[in-house]
Amino acid sequence: MDLCFWYILMAEPDHIFVKPLPNLAYDNDPAAFPFFYITPLEHEKVIRKYYPKERGPVSDIDPIGNSPVIIKKTLLEKIAPTWMNVSIQMKEDEETDKTFGWVLEMYAYAVASALHGVQHILRKDFMIQPPFDTKLENTFIIHFTYGCDYSLKGELTYGKIGEWRFDKRSFLDGPPPRNLTLPPPGVPESVVTLVKKVNEASANLPRWDDGI
């Protein structure tokens, strides 16, 4: 098979697929999820260190990270070395490292893509992020990056440990236990579905307790 027709999905361990994922990319236009906290225009002074004015406006840089992304294999092969080099340059620059922090590599991927003239198809339906996204709608992925804390009345207590909670940081030493208690009534379907999917996985993986 011609490798130019191979596509790669970049995803993360805290992504749960809720339905089959089609190829959302189109030829040389990769597909990506737009993050509200990736804001190149707000950091133009820093961005210009790596994306000079002669390359074009800062608005050419997509508000994305490298995940989730669906991209043609040959295109990723071109972007990847630049992505690595920009990541290192950003990390070694004190101002950039302080400005971007834990999302530095996400900015590096967005900048590297723009340096190669690549812009992504922005798909908000690519994934949702509970507890802030409450409905499944037509999403493909649930990203459980935030803690989900609720009272037993189903009220969100974000920033405060709830009477019911699901937070991946609670399971740093091993996988979540089987048969997690479902959220109380009133909790959004996104969180309920997340817990049901974790329970489905634990019920179908014989060595779940071993982390396998």
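How each quantity is defined
- Residues numbered from 1 in each chain as written.
- Predicted model: local features only at pLDDT ≥ 70, side-chain atom pairs only at ≥ 80, totals over all residues.
- Heavy atoms only, no water.
- UniProt positions renumbered as here; feature names shortened; annotations may be inferred.
- Helix = DSSP H or I, 4+ residues; strand = E, 2+ residues; numbered from the N terminus.
- Buried < 20%, exposed > 50% of the residue type's maximum accessible area, 1.4 Å probe, protein only.
- Contact = heavy atoms within 4.5 Å.
- Areas by Shrake-Rupley, 256 points an atom, 1.4 Å probe, with all protein chains shown as cover.
- Lys, Arg positive; Asp, Glu negative; His and termini not counted.
- Charge placed at Lys NZ, Arg CZ, Asp CG, Glu CD.
- Axes fitted to C-alpha atoms, helices over the stretch in contact; angles between N-to-C directions.
- Parallel < 35°, antiparallel > 145°, perpendicular 65-115°, else oblique.
- Left-handed = near helix turned anticlockwise from the far one by under 90°.
- Nonpolar A, V, L, I, M, F, W, Y, C, P; charged D, E, K, R; others polar.
- Pairing = 2+ DSSP bridges.

As annotated in an unreviewed UniProt entry, the protein chain carries the name Hydroxyproline O-arabinosyltransferase-like domain-containing protein and is attributed to Urochloa decumbens. The UniProt entry for the protein chain carries this comment under Subcellular location (unreviewed entry): "Membrane".

**Brief notes about the overall build of the protein chain**
Summing up its helical and strand segments, the protein chain has five helices and nine strands in all. The N-to-C order of helical and strand elements in the protein chain reads β-β-β-α-β-α-α-α-β-β-β-β-β-α. Structurally, the protein chain occupies a C-alpha span of about 55 × 45 × 35 Å along its principal axes. Considering the protein chain as a whole, with its 212 residues, one finds that 46% of them fall into the buried category. Contacts in the protein chain between residues far apart in sequence, at least 24 positions, make up 67% of those at least 6 positions apart. Counting every atom, the protein chain has about 11800 Å² of accessible surface; 55% of that belongs to carbon and sulfur. Once the 23 positive and 29 negative side-chain charges of the protein chain are each reduced to a mean point, those two points are 2 Å apart.

**Regarding the packing of helix α2 (residues 73-92) against helix α4 (residues 104-115)**
Contact geometry of α2 with α4 gives a least axis separation of 8 Å together with a crossing angle of 130°. With respect to α4, the element α2 is oriented oblique. The chirality of how α2 crosses α4 is right-handed. Residue-level inspection shows Ile-79, Thr-82, Trp-83, Val-86, Ser-87, Met-90 and Lys-91 of α2 in contact with α4, the latter providing Leu-104, Glu-105, Tyr-107, Ala-108, Tyr-109, Val-111, Ala-112, Ser-113 and Leu-115. Tallied by class, residues from the contact of α2 with α4 come to 11 nonpolar, three polar and two charged.

**Some words on the sheet that holds strand β2 (residues 15-17)**
Spatial ordering of the open sheet is given by β2-β7-β6, a layout of three strands whose pairing is mixed. In the strand order of this sheet, the two ends are held by β2 and β6 (127-128), each with one partner. Contacting β2, β6 and β7 (141-143), helix α5 (residues 189-204) runs over the sheet at an angle of about 85° to β2.

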